[in-house]
Every structure is written in structure tokens, then in C-alpha cells.
Amino acid sequence: MSKGWQPFPDDLSDESRALAEELRAVKDTHRLSFADLGRRTGLSKASWERWTNGKRLIGEQALDALIAAVECDGDRLHALLRRAEAARQPGSADPGESGAAADGQSDGRSAAEPVAEAVPAVAAVVAPPVVARRWRPAALLGLAVAAVLALLAVLSPGDRGDRQDRAAPPPPATATDTGPAPLCQGAGCEDKDPHAMGCDADERTVMTGNVGKVILYVHYSHRCRAAWAGITDGGPGDSATITTGTGLHETALIHWGYDNYSAMVDASPADTTLRVCGTQQNGSACTETVSDPATRAAVLTRSADPEAAPTGR
């Protein structure tokens, strides 16, 4: 074990400590720096610092990225993660969270921290955990309201008809093993909540970036042929805007707490490009541009499949 490791937080559970120690062992065994881990997994060195020091609980997709990038015991890591998740108290915050960040909100599907600041040049495929589902009250309106919104989108295309004409319509949505069919696709998803429309069922984070400690996300759904922005570790007034190559854009603004996500933009055209730019009190910055979100998401899906992805190099 590296002599330079920080002490774990005093309130870290035994289960979370065991997982963090195993992550440290993998890092030390392969003699990797945090920057090395970032380059190999497509995640940020700041995230790996927090996960290995017990400040936040790693997510399942981030763990899959590590298992695919280096030789390690994937089954043991996943077992330790399940135990750490089970040991968490409902609604509890990760160690190190305070103020608005510990306001009783849970941390997404795996109750773990999303990806932190971006690697300067993302050479590897990005595979961070799915971003939290608790940010916007709109997600609580239910499928009944969502169905009405989807119907309105079909009956009132407005000035979006020219956008639909530029690309072939996406195939009809069907139910899959990721859940029921989504309630919109392509241009029909514009300006709609991804969770209310069911587009989060196969969501993949295809790129990350950061503005200081604020983390930016480019989210994409293959079923919905749509994308949206995410922002975490921010504060009230911080924002993230997703923009396509044709100028479509939607903004996620943090009104309270420390994270949020935007409405969706159409990502169905074959030449779609996506980028998220964030603004906070101390400045602004953008993610790398994603030129083929569908292909990148497909690669991420394969790498997350234990039968398709190797357990080591």
C-alpha cells in the first residue's frame, strides 16, 4: 500500500473502507497514478482520489471501467460495492459532503458519486456512473403527465418540422430489457424531461468535463435518440448547457442543492455533435465535443456487459 495515502474519514463504514482499500490495492499493484487511472478509464483523477480515499462511494459503471482497464478481481470488487451500498443508511450522505450537498438527497442508481473533473484529453471510452435521478421535481409528475406531453409534441410540432426533415425518422420505440418503450424519440424529445419520458433507462454518459470542482456531463439515450446535460458538485446559480452542431440547446440550472440536469435535445441525425458548457462563479469551460454519440454509447454498453467485456487487460 502506498505510504502517501490519506487516512479514511472517521465515519466511513467498515464495508466502504474495505472497498476503498481494495481500490487502493489495485492502484498500488499496477503502480498507477490518479492521472493514469483517469486516462485508462476515461474518468477523472479527482474522482479516483475521492473513491480511493473513502470520500465518496464509487459507482458501478466506474467500477466496470476499472475492471475493463486493468487486471483485477472484478467479482470481488463488485461484491464489496454491493456490501458498501447495503451498509449505507437510507438518505445518508457520503463522507465529506456538507451543507447543500448533504441535504438528504441520495446519490443515483448505485448511491455513489458521479464522475468528477474531466481528463484533459479523453482517449479512452468514458464509462462513468449514471447521474442521479433526484434533481428535478418534473421527474415526479409521473407517466400520466409524461404521456400528455408526448402527445402534445406529436400534435404541435411547431417550428421543429424542418429539423425532422433533415434526418430519417428513428425506428418505432419498442419495449426492451431496459424497461418499457420510451414516450418520445428524436425531435419529439426536445425540451422534455429525460426521466419522465423513460429515456434514462438506457442512458450512457458519453463525455465529462469540469469547471473547477463543478462536473459537467453529456448524457445520451439510444432508445430515445436524444441527449441532455448534467451538472454536479455545483451550487445555486451554476449551470450547464448542452448544444448540438445545429444549434439546439438546453440548460440545466442549479436552483438549490448541488446538481441538476437539463431537458433533452434531438440527437437522431447521423451527423449529430454534442457538447456541454458550464458556468460557475469563477469561470466557464466546456467538455470535448462528441461527434458520434450513438457509437460511443454502444461501445460503453458492450464494455459494461460482463460477457462482452474482458475482466482485465
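Our structure's up above, just so we're on the same page.
Calculation notes
Residues numbered from 1 in each chain as written. Predicted model: local features only at pLDDT ≥ 70, side-chain atom pairs only at ≥ 80, totals over all residues. Heavy atoms only, no water. Salt bridge = Lys/Arg side-chain N within 4 Å of Asp/Glu carboxyl O. Helix = DSSP H or I, 4+ residues; strand = E, 2+ residues; numbered from the N terminus. Buried < 20%, exposed > 50% of the residue type's maximum accessible area, 1.4 Å probe, protein only. Pairing = 2+ DSSP bridges. Axes fitted to C-alpha atoms, helices over the stretch in contact; angles between N-to-C directions. Polar contact = N/O pair within 3.5 Å; in protein donor to acceptor, adjacent residues only side chain to side chain. Disulfide = S-S within 2.5 Å. Expected span 1.5 Å × (residues − 1). Contact = heavy atoms within 4.5 Å. Parallel < 35°, antiparallel > 145°, perpendicular 65-115°, else oblique. Left-handed = near helix turned anticlockwise from the far one by under 90°. Nonpolar A, V, L, I, M, F, W, Y, C, P; charged D, E, K, R; others polar.

Some thoughts on the pattern of salt bridges
Pairs may arise between side chains of opposite charge once their charged atoms sit close together.
Here comes step 1: Across all of its chains, the model carries six salt bridges by this definition.
Here comes step 2: When the shortest N-O distance is used, the salt bridge between Asp 36 and Arg 39 registers 2.4 Å. Taken together, the positions of Asp 36 and Arg 39, both in helix H2 (residues 34-41) and three residues apart, correspond to about one turn of that helix.
Here comes step 3: Classification of Asp 36 by relative accessible area gives partly exposed; the value is 22%.
Here comes step 4: Connected through salt bridges with shared partners, the residues Arg 50, Arg 56 and Asp 233 form a single ionic network.

Regarding the sheet that holds strand S9 (residues 283-286)
Here comes step 1: A sheet is described by the order of its strands in space; here four strands give the open sequence S5-S4-S8-S9, paired in antiparallel fashion. Looking at strand neighbours, the two that pair on one side only are strand S5 (249-253) and S9, the edges of this open sheet. Taken pair by pair, the neighbouring strands of this sheet meet at an average axis angle of 15 degrees, ignoring direction.
Here comes step 2: Pairing of strand S4 (residues 239-244) with S5, which is carried by five bridges, proceeds in the antiparallel orientation. Paired with Thr 243 across the strands is His 249, a residue of S5.

Some details on unusual backbone geometry
Here comes step 1: Notably, Asp 191 is not glycine yet its phi reads approximately 65 degrees, a positive angle.
Here comes step 2: Along the chain, the position of Asp 191 falls in the loop between helix H7 (161-165) and strand S1 (204-211).
Here comes step 3: With a phi close to 60 degrees, Asp 233 is a non-glycine residue in the positive phi region.
Here comes step 4: Within the element layout of this structure, Asp 233 appears in the loop between strand S3 (226-232) and S4.

Some details on the environment of His 219
Here comes step 1: Inspection of the secondary structure assignment puts His 219 in strand S2 (residues 214-221).
Here comes step 2: The spacing of His 219 and Pro 194 is 25 residues in sequence and 9.7 Å in space, taken between C-alpha atoms.
Here comes step 3: Here Glu 203 takes part through its side chain, which lies 2.4 Å from a polar atom of the side chain of His 219.
Here comes step 4: A distance of 3.1 Å separates a polar atom in the side chain of His 219 from a polar atom in the side chain of Thr 205.

Considering the state of the cysteines
Covalent bonding between the sulfur atoms of two cysteines defines a disulfide.
Here comes step 1: Tallying each qualifying case throughout the model produces three disulfides.
Here comes step 2: Residue Cys 199 pairs covalently with Cys 224 via a disulfide, S to S 2.1 Å. The disulfide joining Cys 199 to Cys 224 has a torsion of about -95 degrees about its S-S bond and is therefore left-handed. Remark: Cys 224 occurs in the loop between S2 and S3 and Cys 199 occurs in the loop between H7 and S1; sequence separation between them is 25 residues.
Here comes step 3: Here Cys 277 pairs with Cys 286 through a disulfide, and the sulfurs are 1.9 Å apart. Taking the sign of the torsion about the S-S bond as the criterion, the disulfide between Cys 277 and Cys 286, at about 105 degrees, is right-handed.
Here comes step 4: Along the protein, the cysteines engaged in disulfide bonds are linked according to the scheme 1-2, 3-4, 5-6 when indexed in sequence order.

Observations concerning helix H1 (residues 14-29)
Here comes step 1: With 16 residues, H1 extends 22 Å between its outermost C-alpha atoms, agreeing within 8% with the 22 Å of an ideal straight helix rising 1.5 Å per residue.
Here comes step 2: When we look at burial in H1, the residues that qualify are Ser 16, Leu 19, Ala 20, Glu 22, Leu 23, Arg 24, Val 26, Lys 27 and Asp 28.
Here comes step 3: Where H1 is buried, its residues contact H2, helix H3 (45-52), helix H4 (60-69) and helix H5 (74-87).

Quick word on H4
Here comes step 1: Summarising burial for H4: eight of the 10 residues are buried, a large majority.
Here comes step 2: Turning to H4, its buried residues are Gln 61, Ala 62, Leu 63, Asp 64, Ala 65, Leu 66, Ile 67 and Ala 69.

A short note on the packing of H2 against H3
Here comes step 1: Where H2 contacts H3, the axes come no closer than 8 Å and their chain directions differ by 115 degrees. Taken as axis vectors, H2 and H3 run roughly perpendicular relative to one another. When you trace H2 past H3, the crossing you get is right-handed. Contacts from Phe 34, Ala 35, Leu 37, Gly 38 and Thr 41 in H2 reach Lys 45, Trp 48, Glu 49 and Thr 52 in H3.
Here comes step 2: Across the contact of H2 with H3, the residue classes tally to four nonpolar, three polar and two charged.

By themselves, these are just geometric observations and shouldn't be taken as functional.
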